[in-house]
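Reading the structure
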Amino acid sequence: SAGGAGSFGHLKAQEAVIKFVEDFEHAITNARTIVWDRESDIWPLFFFAEFGTDDAFGAAPPKDWDRLKGKLRRLIQMAKTTDVNFGIIRGMKNEWVQKTNAKTGAKAATQSGGRVASGMDDIDALTHLNFFHTRVGKDFSIHVGKARGPGGHEIQDQTFENLCFAEIAQLVFPDSNVGDWE
């Protein structure tokens, strides 16, 4: 809302985006590793700052969405032109699908039982590596989706358990060593 005291209005969102971009541009030249935890929180902030609403259906025409996405794409591209380790963590949300009632023919949205990434819809296409992290009990696993890099082809569409960052990086860049990633 654009409301009163204590609310996070449109102007505050715009100020927060400006600060976020300034901090990111500084970090790109001064940090070894940058992680957006979570892009699915950054996207709505940028959206609200751009359109002054969180109503995705009534906010703006598609050309305006492209302009907004361009702002995040620019930041991601900045990271890709450096040797910074840049990670984007995305939150998950329930997947919704359209179902048709077999008796009445009525269509309705319902949850599929699956989970999908939330946030900007084309993040996967902008990154070099796409991982899906899961935990079962005390064991963590990483499923590798898209993987670009010298070792990317060998690890794509595979699942690995209990790897640290340096071990994952060495799978992508087999000629590297642990010290390169610390």
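Residues numbered from 1 in each chain as written. Predicted model: local features only at pLDDT ≥ 70, side-chain atom pairs only at ≥ 80, totals over all residues. Heavy atoms only, no water.

**A few points about the overall build of the chain**
- Looking only at helices and strands, the chain features six helices and seven strands.
- Element order for the chain, N to C, with α for helix and β for strand: α-β-α-α-β-β-β-α-β-β-α-β-α.
- Dimensions along the principal axes, computed over C-alpha positions, put the chain at roughly 55 × 50 × 35 Å.
- Here the analysis covers contacts within the chain between residues at least 6 apart in sequence; of these, 45% occur between residues at least 24 apart. (Helix = DSSP H or I, 4+ residues; strand = E, 2+ residues; numbered from the N terminus. Contact = heavy atoms within 4.5 Å.)

**Some points on the sheet that holds strand β7 (residues 159–161)**
- Read across the open sheet, the three strands follow the order β5-β6-β7; overall the sheet is antiparallel. The outermost strands of the open sheet, each flanked by one partner alone, are β5 (129–136) and β7. Neighbour-to-neighbour, the strand axes of this sheet turn through a mean angle of 25°, independent of strand direction.
- Pairing between β5 and strand β6 (residues 139–147): seven bridges, direction antiparallel. Directly across from Arg135, in β6, lies its bridge partner Phe140. (Pairing = 2+ DSSP bridges. Axes fitted to C-alpha atoms, helices over the stretch in contact; angles between N-to-C directions.)

**Observations regarding unusual backbone geometry**
- Backbone torsion omega between Asp37 and Arg38 reads 25°, so that peptide bond is classified as cis.
- Tracing the chain through its elements places Arg38 in the loop between β1 (33–37) and α2 (39–51).
- The residue Asp157 is not glycine, and still its phi comes out positive at about 65°.
- As for its placement among the helices and strands, Asp157 is situated in the loop between α5 (152–155) and β7.
- The phi torsion at Asn162 lies on the positive side, around 50°, for a residue other than glycine.
- With respect to the helices and strands, Asn162 occurs in the loop between β7 and α6 (165–172).
- Residue classification places Asn162 among the partly exposed residues on the basis of a relative accessible area of 43%. (Buried < 20%, exposed > 50% of the residue type's maximum accessible area, 1.4 Å probe, protein only.)

**Observations concerning the layout of surface pockets**
- Its boundaries defined by the atoms lining it, the largest pocket holds a volume of some 1400 Å³.
- For the largest pocket, the lining is made up of 40 residues, of which Phe86, Gly87, Ile88, Leu129 and Phe131 are closest to its centre.
- Counting residues per element, the ones that place at least two in the lining of the largest pocket are β1, α3 (62–80), β2 (85–89), α4 (123–126), β5, β6 and α6.
- Of the residues contributing to the lining of the largest pocket, the split by class is 22 nonpolar, 12 polar and six charged. (1 Å grid on protein atoms, 1.4 Å probe; cavity = no way out; pocket = protein on both sides within 12 Å on 5 of 7 lines; lining within 4 Å. Points joined across faces, edges and corners; volume = space filled by probe spheres on them. Nonpolar A, V, L, I, M, F, W, Y, C, P; charged D, E, K, R; others polar.)

**Quick notes on the packing of helix α1 (residues 10–30) against α2**
- Running from amino to carboxyl end, α1 crosses α2 at an angle of 125°, the nearest separation of the two axes being 8 Å. By the angle between their axes, α1 is oblique relative to α2. In terms of crossing hand, the pair formed by α1 and α2 is left-handed. The segment α1 lies against α2, with His10, Ala13, Gln14, Ala16, Val17, Phe20 and Val21 engaging Ile42, Leu45, Phe46, Phe48, Ala49, Glu50 and Phe51.
- Its residues placed into classes, the contact of α1 with α2 shows 11 nonpolar, two polar and one charged. (Parallel < 35°, antiparallel > 145°, perpendicular 65-115°, else oblique. Left-handed = near helix turned anticlockwise from the far one by under 90°.)

**Focus on empty space enclosed by the protein**
- Within the structure shown, the criterion is met by one cavity of 30 Å³ or more.
- Taken as a whole, the largest cavity encloses approximately 30 Å³ of empty space.
- Every residue along the wall of the largest cavity is listed here: Phe131, Ile142, Val144, Phe160, Leu163, Ile168 and Leu171.
- Listed by contribution, the elements that provide at least two residues to the lining of the largest cavity are β6 and α6.

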